[in-house]
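# Reading the structure
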Amino acid sequence: MKQLSHWINGGFETSTSDRSGTIYNPATGVATTKVPFATPEEIERTISVARSASRSWGTSSLSARTEVLFEFRHLVNARKDELAEAITSEHGKVHSDALGEVSRGLENIEFASGIASHLKGGFSSQVSSGVDVHSLRQPVGVVTGITPFNFPVMVPLWMMANALACGNAMILKPSEKDPSASLLLAQYLKDAGLPDGVFNVLHGDGDVVGALLEHSGIDAVSFVGSTPIARSIYSRATASGKRAQALGGAKNHMVVLPDADIDLAADAAVSAAYGSAGERCMAISVVVAVGEVAEPLIDAITKRLNVLKIGPGNDPASEMGPLITREHRDKVASFVAGAASEGARVVVDGRDVMFDGDASEGFFLGASLIDNVQPGMKIYDEEIFGPVLSVVRVSSYSDARDLVNENQYGNGVAIFTRDGGAARQFTVEVTCGMVGVNVPIPVPVASYSFGGWKDSLFGDAHMYGPSGIEFFTRSKVVTSRWPDPATSVVDLGFPKTR
Ligand code: NAD
């Protein structure tokens, strides 16, 4: 079985740990790789390497950093198939979807390449007699990124691109379920000319994260994962004096008003609910059907599910791959199993789907569609994170809005309608961080920032874009006077501007 190494100080380093995890190929169910969980000594040394590298990188010129980012962008793009293959072999998503993830990650490198512009400060001349003020942003120091399994390239790039462009050193702790792609990113950064020690990859589980959170050598923590862990990471990191942002789970609704184009809405619902087997934080998991729209919409979605091609991610014919692990697949299936006893109607049961050949050994589950779902049912109240779409029927726009606003999560939401006034009202009234109008997965482009409300985000800082630049820098304001020595006098009063 393959053994993974950490990436420390610009190269692979074999771990001496006696703790490890097992990585599977989800399409075959075969254990392929052992991933070590870093020892306390390995954590200590990585932090010390990163601290020392952060000093010179943090004072390097913006043009030197931009040069590395340009080359890194070129390499990620040139080697995107290699990255996509690594993603598919450990995560299971289909190759085209893995390529899509890489291309959304590339956007973040492109944004960060404009760092000279993003770090521009302000300047006010003559705020008092002979006094000028300017502001600047400086790196935070050593930051750690802790990432989930579902986007093993894109989410690390959400953090890395801006963190490095801002002059920080970084320690990435990728998901232990699919960490190989992060080692490729480390290699590309080295090839792009990033100095050794500025970017490091430490493998591990919750214990390794705990050690990073408590270490005084880490200045900021950027986390993406499930809500219970996000909540705990945020409180532990801030309790130990660190800057923190922690993005959590989601339950994304798609409101379909009676005037919506049914085919457009059905296409959108199917791609947003079942793409990547529903293992997306912005996946649609609830369709809120307003009024008479429910029957035709359910029929249109069912028709599409009947022809959905499920199979290994490396088969170009597959549209939906397996789930990440056997345990997760079984947990998702248990939500479907419990739906009928809670009073919901199982329209399409993904557990019935049969597979050919090798796929029978993989962690596959077909697409499920559940109607007559209500708040209070487990299938509605919990994040499922699998290929299961619920339909909640409501009678009016305001019932739909209230349902969304009463949900504990507030990541993404979408409305499908031809009525511009209703859509605009919804964007104003809804309590979610990212809203789509006839767009089912409104992940903002990299020049905006990504982040949910309520239990989908802990802390104030959203991810990437302008918020990313703020998160990975500290601001400083300099007030200066260059007095004429001949007129200088002692004045013990509080500095005045007039
Ligand atoms: P997870 O919370 O299980 O793991 C995320 C990271 O936390 C991993 O690196 C893991 O090793 C680490 N971790 C696990 N247990 C820990 C513990 N006890 N203490 C400290 N660290 C721990 O999440 P996952 O299953 O890998 O990813 C799926 C979840 O991530 C879903 O809930 C999904 O909605 C969420 N997600 C959210 C966003 C977003 O932007 N809001 C994006 C992607 C995924």
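Scroll up for the structure.
Below, the structure is looked at part by part. Here the structure is a predicted model, which means the values were calculated and not measured. (Residues numbered from 1 in each chain as written. Predicted model: local features only at pLDDT ≥ 70, side-chain atom pairs only at ≥ 80, totals over all residues. Heavy atoms only, no water.)

### What about the sheet that holds strand β5 (residues 30–36)?
- If you walk across this open sheet you meet the three strands as β1-β5-β4, and the pairing is mixed. If you trace the sheet from one side to the other, it starts and ends with β1 (2–3) and β4 (20–25), each paired once.
- Note that β4 and β5 share six bridges and pair antiparallel. From the neighbouring strand, G21 faces β5, where its bridge partner is V35. (Pairing = 2+ DSSP bridges. Helix = DSSP H or I, 4+ residues; strand = E, 2+ residues; numbered from the N terminus.)

### Considerations on the environment of T238
- Take T238: it is sitting in helix α9 (residues 227–239).
- Take T238: its relative accessible area is 33%, and that puts it in the partly exposed class.
- In this structure, the C-alpha to C-alpha distance between T238 and E176, residues 62 residues apart in sequence, is 24 Å.
- At 3.3 Å, the side chain of T238 forms a polar contact with the backbone oxygen of S235. (Buried < 20%, exposed > 50% of the residue type's maximum accessible area, 1.4 Å probe, protein only. Polar contact = N/O pair within 3.5 Å; in protein donor to acceptor, adjacent residues only side chain to side chain.)

### Here we look at empty space enclosed by the protein
- Tallied over the entire structure, the rule returns three cavities of 30 Å³ or more.
- In this structure, the largest cavity encloses a volume near 110 Å³.
- In this structure, the largest cavity is lined by 15 residues; those nearest its centre are G278, R280, A283, S285 and F385.
- The residue makeup of the lining of the largest cavity, split by class, is eight nonpolar, four polar and three charged. (1 Å grid on protein atoms, 1.4 Å probe; cavity = no way out; pocket = protein on both sides within 12 Å on 5 of 7 lines; lining within 4 Å. Points joined across faces, edges and corners; volume = space filled by probe spheres on them. Nonpolar A, V, L, I, M, F, W, Y, C, P; charged D, E, K, R; others polar.)

### Brief notes about the site of the ligand
- Residues in contact with the ligand amount to 28 residues; listed here are only the nearest, K173, E176, S226, G248 and E383.
- Between the ligand and S226, the relevant distance is 2.6 Å, taken from an oxygen atom to a side-chain nitrogen or oxygen of the residue.
- The side chain of E383 places a nitrogen or oxygen atom 2.6 Å from an oxygen atom of the ligand.
- Structurally, the ligand is housed in the largest pocket.
- Those elements that place two or more of their residues in the shell around the ligand are α8 (206–214), β11 (220–224) and α9.
- Per-element accounting of the shell around the ligand gives the leading share, three residues, to α9.
- A per-class count over the shell around the ligand returns 15 nonpolar, nine polar and four charged. (Near = heavy atom within 4 Å. Sits in = over half its atoms within 2 Å of the grid points.)

In short, geometric facts, not functional conclusions.
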